[in-house]
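Chain by chain, the residues run as shown.
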Amino acid sequence: MRIIEEKDKFCNALISWYNDEKRDLPWRQTSNPYYIWVSEVMLQQTRVDTVIPYYNRFITRYPTMESLANADEDELLKMWEGLGYYSRARNLQSGVREVVEKYDSKVPENRKEISTLKGVGPYTAGAVLSIAFGIPEHAVDGNVMRVLSRLLLIEEDITIPRTKRIFEEVIMELIDQEDPSSFNQGLMELGATICTPRPKCLLCPVRTFCSAFDEGRQDELPVRTRKKKSKIVPVASFAIQNKNGDWLLRKRPKTGLLANLWEFPIIEVKDDRKPIEIFTAEIGLPIKSLSEVIAFKHIFTHITWEMNGYRARLNEEEPVPEGYQFFTKDEVETLPKPVPIIKIWESIKNGGI
Ligand code: SF4
């Protein structure tokens, strides 16, 4: 296979292309391991364009690991609001606290120790070690598996977790010892801009090393046999105002989906009853002036919410249900909320409060 036989030439082609063509991204202007760690966590499952303003705000608000370690959780979640996968933010804070407390605020420079930090999986560990410290370590995510499966014609199913090991071993064999940072980032950049699901092979800097291109099989790779099944869950949420115009919200439980974020009352529509009937049975508040404000789908990793958002008014002075509180409009703005609740809130505001 050319890529293995001509490993140095391949590394040179990849690295020089990366150095000439790389996108100017804020986390590429630093070798601070904490900043690189933050960027890698934010970039998981999220597009670069979305991440840039979040990253800049986050680094400005929490410029040091100590500042993040001491941050209030509600404020941290507010900074993360809209990025989704909120457990990433909480894990990042826990991991950073460990570094501050156990490692004297110095991110460990070896895979064994860095991998013990909360939220730091094999990919994040390799990305931080190679990019911040120049250590030749693998950083394999879905993009990198797509690129390598094509370059080397690897036909193992990438939806099977143990397949990742094959790609990690390939990287350890190929990685440039002098500049592992540009090597890893070059592969990531290639996957993000050229060797995309629909590859732009004619623009590819490493086309002459690509086995899939040679055989015209680039569209068949990577191999994915198992499709993730997403369970559809119909839900309804009710934005309810009392006679003072305040809004009823509760904080979600400490663990599980969207933990610790604030929401309007949400019910699952499990049977043929109307959402309002289920709401009355489960939450027990008499409401009036019910109107639907928005309907949309929100996709999580394993489930999809089919959401109907309503606004309503409290019928009369009622005791607040357990776990709920009323908030003014300004207070609602400052609470960290998950994206589906933000959508309902925005559509209410657009319709006039
Ligand atoms: Fe990907 Fe095409 Fe380049 Fe091969 S030649 S690495 S398939 S973009």
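Residues numbered from 1 in each chain as written. Predicted model: local features only at pLDDT ≥ 70, side-chain atom pairs only at ≥ 80, totals over all residues. Heavy atoms only, no water.

J.: Just to check I follow, could you spell out the domain arrangement of the protein for this structure?
T.: Note: interface size is frequently given as the accessible area lost on complex formation between the parts. We note that the domain assignment places domain 1 (2-220) and domain 2 (231-350) within the protein. The gap between the C-alpha centroids of domain 1 and domain 2 is 37 Å. Taken together, the contact pairs nine residues of domain 1 with 15 residues of domain 2. When domain 1 packs against domain 2, close to 900 Å² is buried across both sides, 52% of that on carbon and sulfur atoms. Applying the counting rule to domain 1 against domain 2 returns two salt bridges. For Lys251, the salt bridge goes to Asp74, with nearest N and O atoms at 3.4 Å. Counting across the domain 1 and domain 2 interface gives seven residue pairs in polar contact (both at pLDDT 80 or more). The dominant element in the side of domain 1 that touches domain 2, judged by the number of residues it contributes, is helix 6 (residues 73-80), at four residues. (Domains from an automatic or database assignment. Contact = heavy atoms within 4.5 Å. Buried area = accessible area lost by both parts, 1.4 Å probe. Salt bridge = Lys/Arg side-chain N within 4 Å of Asp/Glu carboxyl O. Polar contact = N/O pair within 3.5 Å; in protein donor to acceptor, adjacent residues only side chain to side chain. Helix = DSSP H or I, 4+ residues; strand = E, 2+ residues; numbered from the N terminus.)

J.: Would you mind showing me how to read the packing of helix 10 (residues 142-151) against helix 11 (residues 163-174) here?
T.: Each pair of packed helices can be described by the angle between their axes along with the distance between the axes. At a minimum axis separation of 11 Å, helix 10 and helix 11 run at an interaxial angle of 70 degrees. By the angle between their directions, the pair helix 10 and helix 11 is classed as roughly perpendicular. Only Lys164, Phe167, Val170, Ile171 and Leu174 of helix 11 make contact with helix 10, whose side of the interface consists of Val144, Met145, Leu148 and Ser149. Taken together, the residues of the contact of helix 10 with helix 11 break down into seven nonpolar, one polar and one charged. (Axes fitted to C-alpha atoms, helices over the stretch in contact; angles between N-to-C directions. Parallel < 35°, antiparallel > 145°, perpendicular 65-115°, else oblique. Nonpolar A, V, L, I, M, F, W, Y, C, P; charged D, E, K, R; others polar.)

J.: Looking at this structure, how should I read the packing of aromatic side chains?
T.: How two aromatic rings sit relative to each other is given by the distance of their centres and the angle of their planes. The final tally for this structure, using the stated rule, is 13 aromatic pairs. With 5.8 Å between their ring centres and 80 degrees between their planes, Phe58 and Trp80 make a pair best called edge-to-face. Highlighted residues: Phe58 in helix 4 (residues 48-61) and Trp80 in helix 6, separated in sequence by 22 residues. Here Phe58 falls in the buried class, since its relative accessible area comes to 0%. Residue class for Trp80 comes out buried when judged on its relative accessible area of 0%. Aromatic rings pair up to connect Phe10, Phe183 and Phe209 into one cluster. Directly above the aromatic system of Tyr54 lies the positively charged group of Arg57, at a separation of 4.9 Å from the ring centroid. (Phe/Tyr/Trp six-rings, centres within 6.5 Å; stacked < 30°, edge-to-face > 60°. Buried < 20%, exposed > 50% of the residue type's maximum accessible area, 1.4 Å probe, protein only. Lys NZ or Arg CZ within 6 Å of the ring centre and 35° of its normal.)

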